[in-house]
Amino acid sequence: MNKHVSPRMNRRAFVIGTAAVGAGLAIGLDIPFGGPAIVRAADGSPEIGAWVVVRPDDTVVIRIARSEMGQGSLTGLAQLVAEELECDWSKVSTEYPTPGQSVARKRVWGDFSTGGSRGIRSSHDYVRKGGATARVMLIQAAAEAWKVPASECTAANSVITHTPSGKTTTYGKVAEAAAKLTPPADVKLKDPKDWKLIGKGVKRLDTADKTTGTMIYGIDVKLPGMLNAAIKDCPVFGGKLKSFDEAKVTGMKGVKKVVKVGDTAVAVVADTWWHAKTALEALPIVWDEGDNAKVSSESIAKWLAEGLDNAQPAYVGNKNGDAKAAIAGAAKKIEAIYSYPYQNHATMEPMNATAVYTADKCEVWCGTQNGEAVFAAVLEASGLPAEKCDVYKVMPGGGFGRRGQTDYVRQAVTIAKEMPGTPIKLLWSREEDMAHGRYHPITQCKMTGAFDADNNLVALHYRLSGQSILFSLRPEALQNGMDPAAFQGVAQSGEAAFGYSVPNLLVEHAMRNPHVPPGFWRGVNVNHNAIYMECFMDELAQAAGQDPLEFRRKLMGNHPKHLAVLNAVAEKIGWSTPAPQGVYRGIAQVMGYGSYVAGAAEISVSDGNKIKVHRIVASTDPGYVVNPAQVERQIAGSFVYGLSALFYGGCTVKDGKIEQTNFDTYNSMRINEMPKVESVMVPSGGFWGGVGEPTIGVAAPAVLNAYFAATGKRIRSVPLRDQNITFA
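Draft legend 1. Seen up close, the nonpolar core. Membership of the largest hydrophobic core comes to 103 residues, with the highest contact counts inside it found for Leu460, Tyr462, Tyr532, Leu540, Phe551 and Leu646. At 11 residues, the largest contribution of residues to this core is made by helix α14 (residues 525–544). Once residues within four sequence positions are removed from consideration, Tyr532 is found in contact with Tyr338, Ser339, Tyr340, Thr443, Gln444, Cys445, Met447, Tyr462 and Leu464.

And the structure:
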């Protein structure tokens, strides 16, 4: 029974699909965003809220507003609801509501955004209350039918029991009666010690359909009469479309229309995508690339290097004492400059969306990380009001932050407007997808550490120079011009706080924004900040003549949760015991997305430049672990992402353009290169942290520190391919 149901292809079908089995009960929570008035489903079944549907046969449908991108949120969120609902997990399925319906019902499903490892940690409270509310109402309905106090009744596994008499009934049998009740004003959530389902490694609800090929992704959407579109945007960001010669391709096989898309792109619509792509490649196009065509990786690097000069302006993100004065008067100082490149999301499924536009309706099908953002983009691009638009979320073939943007959706609607009433599926080519991403920000960092005569660290100056994601994507989130997200992992406090105490500390950011647009690439700023800080911590330990682990421990007395994960990973890797002959270890820790994480690696090096990563270990404290099996998978997956970036990633710029436009020049690690992955979970409770992204950050510094231990050589820029270092 466990599975995820993809959205139906029109509003009516979607509404019918939720309760067509018979009289049902849709139960939810009037969360702070506001809730709907009582309405009825298409078959007449009354709804209370929107989170849970209980059918007469006791099957349960749990609606999930967040997007599933392989991180397991779909199953984890369903576990949270089912835990409080006390339903039969074997009869649970899930489905996505639409953002149009949510907006029409005063945002009853809350936030649709899925990013920053927030899927569970920022919605756990109200989705659990949705399940608890449902349970209370179902019990109340049974109690009223038996004419007994509800306090004498309990629920478990979708069965309600009157304890004194032993009478039982099922959720499906009382659903209709429960729907007529007034939801309780408040419900009490379970104590974590009483959880039965949360904390269990249950099987994912989406795996079966993905394994059998029945899962519908955006690229799979087919509608009657649908045409296909291929698109080319100006290869230089900031450039424009100057002209194109439509006559050269109008007679080509399958071509239906050539469409100008905004000021920067042109698309060909044809009967098949291959015909559209073939015609687009034959279309003579003239671009106005503008001044950005003069930009290169070298010019960007020079500009960022200038930002490392203390005389240049910078935003202060973390400070105590007087680091500059302490450094000036120190007995010894250590300095290093690191850099980190652009990285492409490179999702397996390129950007795509299917749109149907008429003067009275606009509907879109796509994979997205933010259904509400797509909905807003559809309203803007179509020019239609909210009640005439909707978005049907389908499973995305990878997101990693890229599908939090809506550029591809706007393009699809713009093209569809040129052919009213005809469904248009826009699919980017791989080259288009790689050349028009939203890239991990490019940065450099100059670090200076200072010691007293007894080799105690007395000062640390961390000066970052590079891009701000918020400046580009969410300027309203800047704080007096400063990007607080730039300090992830080295921040003074919050969900990505610095884990060391240094008497004199200065962490600052010289913001410099090249024309290549940055984006939220999985792990975001934690990735480079963890490399910079954790590799430099090893450099400081070496300068002090101390073991890297012990050096860190001395600075972490006021950071017990950071220290706990560091100790856990050190114990798991066997730091206190000798490594096997020819094997060397590296260690790192960071906080990101509300979770404390640490990593340790064991590697060997042959010929000076061939690395074999034998083993990589992670420890994590996310507060609570909803599904430990899925946390283990996320750790392993994040290490694939982090190690691929370390060895193979990195985008370069030439003549204003991204040079890596396919997997022949932007590689990913293979199975034979993957090390053994081990994980240690040390949830301390009392808070909810993220899982999908934090551990990426410790993969690279752990390996880089191990490489130094093996060779005595410091690597301060990535990818390793540029250092002629490869997997063994």
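Draft legend 2. Spotlight on the domain arrangement of the protein. Annotation of the protein at the domain level lists domain 1 (3–197), domain 2 (218–290 + 351–427) and domain 3 (297–343 + 439–727). Contact with domain 1, which involves 24 residues of that partner, is made by 23 residues of domain 2. When domain 1 packs against domain 2, the two sides together hide about 1,900 Å² of surface, and 57% of this comes from carbon and sulfur. A salt bridge links Glu372 to Arg107; the shortest N-O distance between them is 2.8 Å. For the pair domain 1 and domain 2, the interface holds 7 residue pairs in polar contact (both at pLDDT 80 or more). If one sorts the elements of the side of domain 1 that touches domain 2 by residue count, helix α3 (residues 99–104) sits on top with 4 residues. When the residues that make up the side of domain 1 that touches domain 2 are grouped by side-chain class, the tally is 8 nonpolar, 10 polar and 6 charged.

Draft legend 3. A look at the pattern of salt bridges. For the structure on display, the rule yields 37 salt bridges. Arg135 is paired through a salt bridge with Glu84; the nearest N and O atoms lie 3.6 Å apart. Placement of Arg135 in helix α4 (residues 124–146) and of Glu84 in helix α2 (residues 73–85) is noted, with a sequence separation of 51 residues between them. Lys446 is the partner of Glu335 in a salt bridge, and the nearest nitrogen-oxygen pair spans 3.9 Å. Here the residue Glu335 occupies a position in strand β16 (residues 332–340), and Lys446 occupies one in strand β21 (residues 443–451), the gap between them amounting to 111 residues. Overall, Glu335 belongs to the partly exposed group, its relative accessible area being 42%. The class of Lys446 is partly exposed, set by a relative accessible area of 22%. Among the charged side chains, a salt-bridge network with shared partners connects Lys572, Arg585, Glu602, Arg615, Lys676 and Glu678.

Draft legend 4. Looking closely at the sheet that holds β21. An order of β15-β23-β22-β21-β16 is seen for the 5 strands of this open sheet, with the pairing classed as mixed. The open sheet has two edge strands with one neighbour each: β15 (315–320) and β16. Taking each pair of neighbouring strands and ignoring which way they run, the sheet shows an average axis angle of 10°. Of the pairings in the sheet, the one linking β15 to strand β23 (residues 504–511) comprises 5 bridges and is antiparallel in character. The partner of Val316 across the bridge, within β23, is Glu508. Lying on the sheet, helix α8 (residues 297–306) is in contact with β21 and β22 (457–466); it crosses β21 at an angle near 35°. In the packing of α14 onto the sheet, the strands contacted are β16, β21 and β22, and the crossing angle to β16 comes to about 150°.

Definitions and limits used
- Residues numbered from 1 in each chain as written.
- Predicted model: local features only at pLDDT ≥ 70, side-chain atom pairs only at ≥ 80, totals over all residues.
- Heavy atoms only, no water.
- Core = buried A, V, L, I, M, F, W, Y, C linked by side-chain atoms within 4.5 Å.
- Buried < 20%, exposed > 50% of the residue type's maximum accessible area, 1.4 Å probe, protein only.
- Helix = DSSP H or I, 4+ residues; strand = E, 2+ residues; numbered from the N terminus.
- Contact = heavy atoms within 4.5 Å.
- Domains from an automatic or database assignment.
- Buried area = accessible area lost by both parts, 1.4 Å probe.
- Salt bridge = Lys/Arg side-chain N within 4 Å of Asp/Glu carboxyl O.
- Polar contact = N/O pair within 3.5 Å; in protein donor to acceptor, adjacent residues only side chain to side chain.
- Nonpolar A, V, L, I, M, F, W, Y, C, P; charged D, E, K, R; others polar.
- Pairing = 2+ DSSP bridges.
- Axes fitted to C-alpha atoms, helices over the stretch in contact; angles between N-to-C directions.

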